[in-house]
Amino acid sequence: MSVNVTFENLTVDLSGNRILDGVNLDIPAGSFVTLLGPSGSGKTTTLNVLAGFVERSGGTVRVDGRPIDNVPAHARNIGFLFQNYALFPHMSVGENIAFPLRARKIPAAKRKEMVAEALRLVQLPGMESRSIRSLSGGQQQRVALARALVFKPGLLLLDEPLAALDKQLREAMQLELKRIQVETGTTTIAVTHDQVEAMSMADLVAIMDKGRLVQVGSPEEVYRCPANLFVATFLGEANLLPVSGGRVTGFRHNGSTSRDEGIGVVRPEDVLIRPEAADDTVPGRVELSVFQGNRWRVSVRCPGRDAPVVVSVPPGGTGPRIGEEVHVAIGVERIHVVPASAGTQVSPEAVPVR
Amino acid sequence: MDALRDALPRTRGWFTLVGVLIGLFLLAPLAAVLPLAFTTSRYLVFPPVGFTWQWFDTVLSDPAWQGSIMNSAQVALTAAVIATVTGTSAALAVRRVFRGRQILRTTMLAPMVMPQLVLALGLYLTYKSIAGGTSLAVLTLGQATLAMPLVFVTVSAGLAAVDPTLSLAAQSLGHRWPSVVWRIELPLVSRSIISGAILAFAVCFDEAVLAFFLAPPAQQTLPVKIWTSASENASPSIAAASALVIGLAVTLLAVVAVLRSRPGKETA
């Protein structure tokens, strides 16, 4: 049922600007992939090329090994969930969901059955006759999802699926989308600029910047071992500490870092605050201490460093107080060192063509 | 903004006065003609005297007037249908064009600004040399040309309010473009299409310039008949016929106004 997707050197130029610059990506059948990147990174364009809405300038997109570059949008059999849902306002919920089935000449009785099943899948059973305008934002999204899945496409594309929802609903829908994806087994590609969203839904996170793919990996992989500074800072909070000769400058630690030169990426949860000085600690003063529910976010100012070190402290007990003198230790085995240069991506944004 | 709001109460009286004066100026001809339709005098002379429906009776029962009303109705209806189909098609097409859209749009509006006399004369000379004369069919085509931009503008405005992603969504769900047009775009602008069609009919029904050139003498339309009657005799039946035309135009415009004031489906 589900399909695999391959981008081979995909390039898109729009009115003289290079939007996509040689994207290579393999998406295994049945996986949930998020395309993550800042706005203008080309993630939505990638989705639009796949859906057949945007013409590619170079390269090839294959679905199950077959190039789909010359297949018109209506013949691609791809479910697309639009950011604004794009529900047809002159049709009822049932008519909206039956719309793709009409194109496929499915008889009315069977159509009715499939619509009911799709509504059950998105947990809105029996809503067929409701009008689109009478639905809440969250319900509209579920209807749009049912419409994109009812014809059992091999591939489901989600364009910023949760951007229009409020925070609480967004978190519930993340898990809901994941559940539906697992239940249907459909290969799913979602575009998002929200890193938490990207990581909590996906098997694979593909990070894009300036029209290029910067890194692809499991959420843990891209978080733990970012390919370069861009990924390290875009995905989650990170302390960037210069590394030279296998030592983190300005800190004390046992053993040496994984690479000798570069920038050490240290996540806040990998920094420890100790009450007593030890041979692997440096002194510091708490500059800011904020309770965020699941942690205390503590900024510690260490002498000789410009930026404070950000530390996550578990929420139990009282957190460090502002002005408190503490001792900071970094877990050297969790430090990932990236090249100090801007990284692998070389193309400045929007290279003019010709 | 605040300064403007503060100044409003003081200037409102003046604006209202000017508005009323303009309105009076525009309506004055109607005020002159309408009462004459009910005069008991045998001549079209101001001021009217008495009150009678007899001139309406004359217009509606005289075969010559009847014929001209039928001619007008037939020509205007056919022209409006042609204008609606072509104008709507053009609006749908221009929406799909990206390069040179503005030029195309302006071209579509050309018949609106082109002197009607030139169009009339051109059609007259062309058909005189090709077919040896003109006919109501030629007039119908000419009026359809005049009315097409009205439909084009009205439907384009309606389409502008329709989210373009709806068409993309319909495609991604497996529908080819004819089906996208038929099931999504046309239903969402149905109100604009009806408005455009009514406007087209109203314009064609009392169109005089083209009709004067192109209607064969034996098949006059209502405006032409009013014109020739006015130069032959000065019967108040002319005023009655005019009143009928005015009544029809006002009714149609009212329908269009109602259609436009109700919230459209496209703004969901």
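Residues numbered from 1 in each chain as written. Chains lettered and ligands numbered in written order. Predicted model: local features only at pLDDT ≥ 70, side-chain atom pairs only at ≥ 80, totals over all residues.

A. Quick peek at the overall build of chain B. In terms of helices and strands, chain B carries 12 helices and zero strands. When the helices and strands of chain B are placed in sequence order, the string is α-α-α-α-α-α-α-α-α-α-α-α. Expressed along its principal axes, the backbone C-alpha trace of chain B runs to roughly 70 × 65 × 30 Å. Classification of the 268 residues of chain B by burial places 35% in the buried group. Residue pairs at least 24 apart in sequence account for 75% of intrachain contacts in chain B once pairs closer than 6 positions are excluded. (Helix = DSSP H or I, 4+ residues; strand = E, 2+ residues; numbered from the N terminus. Buried ≥ 20, exposed ≤ 12 C-beta atoms within 10 Å, placed from the backbone. Contact = placed C-beta atoms within 7 Å.)

B. How the structure looks around the sheet that holds strand β2 (residues 17–27) of chain A. Residues and elements named next belong to chain A. In space, the four strands of this open sheet follow the order β2-β1-β4-β5, with antiparallel pairing throughout. Strands at the two margins of the open sheet, each flanked by one partner only, are β2 and β5 (66–67). In the sheet, strand β4 (residues 58–63) pairs with β5 via two bridges, with the strands oriented antiparallel. Within the sheet, the bridge partner assigned to R62 lies in β5 and is P67. Each of β1 (5–14), β2 and β4 is contacted by helix α1 (residues 43–51), which is oriented at about 70° to β2, the strand it contacts most. (Pairing = 2+ DSSP bridges. Axes fitted to C-alpha atoms, helices over the stretch in contact; angles between N-to-C directions.)

C. Structural view of the sheet that holds strand β7 (residues 155–159) of chain A. Residues and elements named next belong to chain A. Strand order in this open sheet of six strands is β6-β7-β8-β3-β9-β10, and the pairing throughout is mixed. Sheet topology places β6 (78–81) and β10 (212–217) at the edges, where each strand pairs with a single neighbour. Sheet twist, expressed as the average angle between the axes of neighbouring strands with direction ignored, equals 20°. Pairing between strand β3 (residues 32–36) and strand β9 (residues 204–209): four bridges, direction parallel. Pairing of T34 across the sheet is with V205, part of β9. Running over the sheet, α1 touches β3, β6, β7, β8 (187–192) and β9 and is turned about 145° from β7.

D. Main features of the pairing of strand β11 (residues 239–244) of chain A. Residues and elements named next belong to chain A. On β11, burial follows the alternation: N239, L241 and V243 on one face are buried, whereas L240, P242 and S244 on the facing-out side are not. With five bridges joining them, β11 and strand β13 (residues 262–266) adopt antiparallel strand pairing. Across the sheet, residue L241 finds its bridge partner in β13, namely G264. Bridge count for β11 against strand β12 (residues 247–248) is two bridges, and the pairing is antiparallel. Directly across from V243, in β12, lies its bridge partner V248. Count of turn residues in the β11/β12 antiparallel hairpin: two residues, of which G245 carries a positive phi of about 60°.

E. A look at the environment of H253 of chain A. Residue and element names in this part refer to chain A. Mapped onto the elements, H253 comes out in the loop between β12 and β13. Here H253 falls in the partly exposed class, since 19 other C-beta atoms lie within 10 Å of it. It is 40 Å that separates the C-alpha atoms of H253 and K167, two residues lying 86 residues apart in sequence. Excluding residues that lie within four positions of it along the chain, H253 makes contacts with V248, D280, I330 and V332.

F. Representation of the nonpolar core in the model. Ranked by size, the top nonpolar core spans 152 residues in total, and within it L157 and I207 of chain A together with A147 and A200 of chain B carry the most contacts. Residue contributions to this core peak at 11 residues, all from helix α6 (residues 136–160) of chain B. Residue assignment places this core across two domains, with domain 1 (5–224) and domain 2 (237–338) of chain A each supplying three or more. When residues no more than four places from it in sequence are discounted, the contact partners of L157 of chain A are L47, L50, A51, I78, G79, F80, L81 and I189 of chain A. By size, the runner-up hydrophobic cluster in this structure holds 14 residues, among which are L44, W55, V59 and A240 of chain B. (Core = buried A, V, L, I, M, F, W, Y, C linked by C-beta atoms within 7 Å. Domains from an automatic or database assignment.)

G. Molecular detail of the packing of helix α11 (residues 222–232) of chain B against helix α12 (residues 237–261) of chain B. All names here are of chain B. Where α11 meets α12, the closest approach of the two axes is 10 Å, and the angle between their N-to-C directions is 155°. For the element pair α11 / α12, the angle class is roughly antiparallel. Two packed elements cross with a definite hand, and for α11 against α12 that hand is left-handed. Seen from α11, the contacting residues are L222, I226, S229 and A230; seen from α12, they are I238, A241, S242 and V245. Here the contact of α11 with α12 is composed, by residue class, of six nonpolar, two polar and no charged. (Parallel < 35°, antiparallel > 145°, perpendicular 65-115°, else oblique. Left-handed = near helix turned anticlockwise from the far one by under 90°. Nonpolar A, V, L, I, M, F, W, Y, C, P; charged D, E, K, R; others polar.)

H. Spatial organisation of the interface of chain B and chain A. With 17 residues of chain B in contact, the opposing surface of chain A contributes 20 residues. The biggest single contributor to the side of chain B that touches chain A is helix α7 (residues 164–172) of chain B, with six residues. When grouped by side-chain class, the residues that make up the side of chain B that touches chain A number eight nonpolar, six polar and three charged.

I. A look at the pairing of β7 of chain A. Residue and element names in this part refer to chain A. For β7, a buried count of five out of five residues is recorded, marking the element as mostly surrounded by other parts of the structure. Neither face of β7 is exposed, since L155, L157 and D159 on one face and L156 and L158 on the opposite face are all buried. Where β6 lies against β7, four bridges are found, and the strand directions are parallel. When the sheet's bridge partners are listed, G79 is paired in β7 with L156. Both β7 and β8 contribute to a ladder of five bridges, which runs parallel. Along β8, the bridge assignment pairs L156 with T188. Handedness of the β-α-β unit built from β7, helix α5 (residues 167–184) and β8 comes out right-handed. (Right-handed = clockwise from strand over helix to strand, strands pointing away.)

J. Focus on the environment of L175 of chain A. Residues and elements named next belong to chain A. You can see L175 is positioned in helix α5. The exposure class assigned to L175 is exposed, which follows from the 11 C-beta atoms found within 10 Å. Between the C-alpha atoms of L175 and E197, which are 22 residues apart in sequence, the distance is 9.6 Å.

K. Main features of unusual backbone geometry. Residues and elements named next belong to chain A. Of note in the backbone geometry, Y85 takes a positive phi value of approximately 75° without being a glycine. The topology assignment puts Y85 in the loop between β6 and α2 (93–103). By C-beta crowding, Y85 is classed as buried, having 23 other C-beta atoms within 10 Å.

Note that all results are geometric; they support no functional claim without further evidence.
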